[in-house]
Structure formats: structure tokens, C-alpha cells
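# Close look at the chain arrangement
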Amino acid sequence: MTALARRQFLQFLAASPLLGYTAAGRLFAEESLDAIRLPKYLIKSPADALDVFDFHNVAKQVLPTSHYGYLATGTDGNETLSANREAFERVYLRPMRMVDTSNVSLDTVLLDQSINSPILLAPVGSQKAFHADGELASARAAKTQGSLQILSNVSSNSIEDVIDARGEPVWFQLYPTNKWSTAKTMILRAQDAGAKVLVLTVDLNSGSNRVLLGQFSRADDRDCNACHGAGPDDRPAPKPMYSGTGSVRGDWDMSGMTWDYLDRLRNATSMKIVVKGVVTAEDASSCLQYGADAVYVSNHGGRAEASGRGSLDSLPEVVAAVDGRIPIVVDSGFRRGTDVFKALAMGASGVSIGRAYIWGLAAFGQPGVEKVLEMLNAELSMVMGQMGARNISDIGPKHIGR
Ligand SMILES: Cc1cc2nc3c(=O)[nH]c(=O)nc-3n(C[C@H](O)[C@H](O)[C@H](O)COP(=O)(O)O)c2cc1C
């Protein structure tokens, strides 16, 4: 190949959308195509954002390499992470014309709680890794947007401070350790702080193989131990929700947990119980059998196992098994109002976002989270108008197809 031919070939490749797909994988196609066709643009304020991916670009830029890796990682070759986004592409929308949608309402009731929108903030641990204000910034944003926040028990801020910042109870998410006393101490603390709903995460019982996190950490030359500690027993203990539990890193084993753990929780607390991480009809049926108040369909944003199945693809079998008896929340891969609409049309009552709001947090703190929520709510309102749905309860199977 001559030098000229080679240059022409490279120019062709650079201009080709194929590059985004073959070199970077479909997950990153959206961003890769932008990078090829447009000059790189980093928004300078939340108001400049056109969609949540604008926050992603800034987050990538400002976060320490290993912290970005912690946020971005899937498992193994990121099969489930990619599948989460791809699942939305296989569902199309069916607009209904000539409906008066001059007043669209996102008002939602979930587990007896009235909220402004079905879009919720998923539990994301260690938020000070993304912004100095941590979960408090997310709570303040949730307050101004009237959104429901779910707080992780591996949060950087305590539940008391977060509820204070939110101005209303949050839901409390629990990773139980193998020590019941640790779980019980945290549950009672959350209940005393005012939480009415306990979310039990059941999808990390056997650990997860976060290769991308390892790759990013390897590329970060800072000393992680300076912040995270080096000893074998000093991981969960410094987190505020673990104080007073006496728990240490070795207590993190959850592999022995079985469905009767729900009985234990039920006996320990009056909080409603939601099971997070369900992706099959069988487990949805067990949720019903063991008295869960809601099922939370999630593959942990592709961070749990390399099932290769998108969360949206798991939803129909769970909806069928639950058959309207208890509400269903779903997350993993939601980035646009249309994504949320599709899940609602399939039978979900609430949709959580994870990375999308953390991109906002990393980029601009509270105003970033606020803008992400505001944009997604506006996008959902718009698509509801396009589909002829005035209220959340108007959204149904007739609005989608495959
Ligand atoms: C950085 C990070 C930390 C997370 N921490 C928790 C956690 O502490 N507890 C939990 O149940 N889920 C946790 N998740 C999973 C989220 O609750 C949620 O299921 C996931 O982020 C949804 O996928 P998405 O990020 O594609 O929206 C975490 C996710 C991320 C990205």
C-alpha cells in the first residue's frame, strides 16, 4: 500500500461509524461516534447538558482514574453492561396521536409513598469517591426535584445526615454481612432514623469479577492505601453505617444467605422489604412466597455477573410471575426518558438510575444531579406526550413492540 493509499484508508476509517462499533464495542458506540464526527465538547455547567452523556464526558475527565474505573466497571468482558443498553434497542415505541397531553403528570405512588416521578436514585455506595459532598449532594438534589433516594449501607455519609439533607426519609439498602448482629444494628439504626423501606441486595453473594476496575486501578499511579487503608480488617468499618457494629472486612461474606433471610428481616423490622437483584420468574415467585413488599429487577448495572442479559429483557418474566400483586422497580442501563417509558410500559412501577446521576454528581455536585433528574423527568414527560399518555397509569403494553 502506498503512503497516499494508506492515508486515504485511515481517513476513511476515521470517518466511518463502523470504527465506533468494532473498535470500542457497541456500548460505547454512541460516545465514539460523537467523538469521530464532532469536536470534543465538555460542558462547563449543568445548564449546557443536552443529555446525560454530557455529564459522563465530564465525569471521565475529572475523576481519578481508579474512581472512574469503579464507576464504569462491569464484570468479565462487560457482557451484561453492554446487554443492558442493547436491550432498549430491541423495543420500539408506538405513539398514539391526537390525545390532549397539555398536562402530563409524572406523579407516582410507590409502596404507599407519593413521589413526583417514577425515576428514583439507585443505591450507589461511597459517593465521596465521586464528589466531596457525597450522598448529601444527591440528597439535596433529590429534595429540590422531589425524587426518591435509596441510600446504600456502604455510603460515605450517614443515614441521619442524608435524611436531614433530603428533608424526608430515604429508602435504606442493605448488604447483609455474615454477622446477623451487624445487619440488625444497621437496620434498627435506619428504622430509628425514619426509613420506611428496606432494600435487600441479593446479587453480590458470590462476589463479582470486575476486570475493568482492575485495569483502571492499574493505570492509576496514586497510592490507594493512603485513603482506603491497607489492613485486612479496615474496609467496611470506616463507613458511617458500620460504626458501632464491630464489623470488619472478613464479615463481608454473604454467600450463605437464603430466602428465609427475609423472615429474619421481617421479624426484626416494621420497614417494608424490597428485594433488589431479581432477574428471573423463579426468584420473583420466591419474593412473593417470602412476603417481599416489592421486587427490584436489577443486574447491578452489569456489575454482578456476566449473564450477558439486559435488565430490560429480564423484566417480562418477572412481571408475569408477580402478576400485579406487588410493585416492581427496575434499574440497569437507564439513560433516557424513552428507556424509562419502555420499562413502565412493560409493567414496572419505578425505574432507578445509577451511573447517570453519579456522572452528574462527579461533574458538578448537587447541581449536576439536579440537572440529570430534571432532564430525565423532562424527557419522560415529552415521550409520554408523544405516546398520548397523560399519567403514568396511562402507560401500558400498547405503547411498545418488539
Ligand atoms: C459505583 C456504583 C456503586 C454501587 N453501589 C451499590 C450499592 O452500594 N448497593 C447496591 O445495591 N447497588 C449498588 N450499585 C448498583 C446500583 O444500585 C444500580 O443497580 C446500578 O447502578 C444500575 O445500573 P446503571 O448504573 O446502569 O444505571 C452500584 C452501582 C455503581 C455504578
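Conventions and cut-offs
Residues numbered from 1 in each chain as written. Predicted model: local features only at pLDDT ≥ 70, side-chain atom pairs only at ≥ 80, totals over all residues. Heavy atoms only, no water. Helix = DSSP H or I, 4+ residues; strand = E, 2+ residues; numbered from the N terminus. Buried < 20%, exposed > 50% of the residue type's maximum accessible area, 1.4 Å probe, protein only. Contact = heavy atoms within 4.5 Å. Areas by Shrake-Rupley, 256 points an atom, 1.4 Å probe, with all protein chains shown as cover. Axes fitted to C-alpha atoms, helices over the stretch in contact; angles between N-to-C directions. Parallel < 35°, antiparallel > 145°, perpendicular 65-115°, else oblique. Nonpolar A, V, L, I, M, F, W, Y, C, P; charged D, E, K, R; others polar. Salt bridge = Lys/Arg side-chain N within 4 Å of Asp/Glu carboxyl O. Pairing = 2+ DSSP bridges. Right-handed = clockwise from strand over helix to strand, strands pointing away.

A few words on the overall build of the protein. A tally of helices and strands in the protein yields 17 helices and 12 strands. Looking at the protein as a whole, 53% of its 402 residues are labelled buried. Taking the intrachain contacts of the protein between residues at least 6 apart in sequence as the baseline, contacts between residues at least 24 apart amount to 72%. Only carbon and sulfur atoms are counted for the fraction: they give 52% of the accessible area of the protein, which is about 17,500 Å².

Attention shifts here to the packing of helix α5 (residues 65-72) against helix α10 (residues 211-218). Put simply, α5 and α10 touch, their axes get as near as 7 Å, and they point 175 degrees apart. Comparing their axes, α10 and α5 come out roughly antiparallel. Seen from α5, the contacting residues are T65, S66, Y68, G69, Y70 and A72; seen from α10, they are L212, L213, F216 and S217. Looking at the contact of α5 with α10 residue by residue, the class counts come to six nonpolar, four polar and no charged.

Moving on: the pattern of salt bridges. Applying the stated criterion to the full structure yields 12 salt bridges. Here D51 and R336 are joined by a salt bridge, their closest N and O atoms 3.2 Å apart. Of this pair, D51 sits in the loop between α3 (29-37) and α4 (53-62) while R336 sits in the loop between β10 (328-330) and α15 (337-346); the two residues are 285 residues apart in sequence, bridging distant segments of the chain. Residue R402 pairs with D313 through a salt bridge whose shortest N-O separation is 3.3 Å. Here R402 is found in the segment after β12 (400-401), whereas its partner D313 is found in helix α14 (residues 311-322), with 89 residues between them in sequence.

Take helix α6 (residues 79-89) next. With eight of 11 residues buried, α6 lies mostly within the body of the structure. Of the residues making up α6, those classed as buried are T80, L81, S82, A83, N84, R85, A87 and F88.

Let's shift gears to the pairing of strand β7 (residues 197-201). A large share of β7 lies buried, amounting to five of its five residues. Side chains of β7 alternate between two faces, with V197, V199 and T201 and L198 and L200 buried alike. Pairing geometry for strand β6 (residues 171-174) and β7, over three bridges, is parallel. Looking across to β7, one finds that Q173 is bridged to V199. Once you follow β6 into helix α9 (residues 180-193) and on to β7, the crossover reads as right-handed. When β7 meets strand β8 (residues 272-278), the two strands line up parallel, connected through five bridges. Bridge pairing in β8 links L200 to V275.

Attention now moves to the sheet that holds strand β11 (residues 350-353). Ordered in space as β4-β11-β10-β9-β8-β7-β6-β5, the eight strands form an open sheet in which the pairing is parallel. The sheet is open, and its two borders are formed by β4 (119-121) and β5 (150-152), each paired with just one other strand. For this sheet the average axis-to-axis angle between neighbouring strands, irrespective of direction, equals 30 degrees. The strands touched by helix α17 (residues 366-387) within the sheet are β4 and β11, with β4 carrying the most contacts at an inclination of about 160 degrees.

The next subject is the pairing of β6. Side chains of β6 alternate between two faces, with W171 and Q173 and F172 and L174 buried alike. Bridge count for β5 against β6 is three bridges, and the pairing is parallel. Within β6, the residue paired with L151 across the bridge is F172. In terms of handedness, the path from β5 via helix α8 (residues 159-166) over to β6 forms a crossover that is right-handed.

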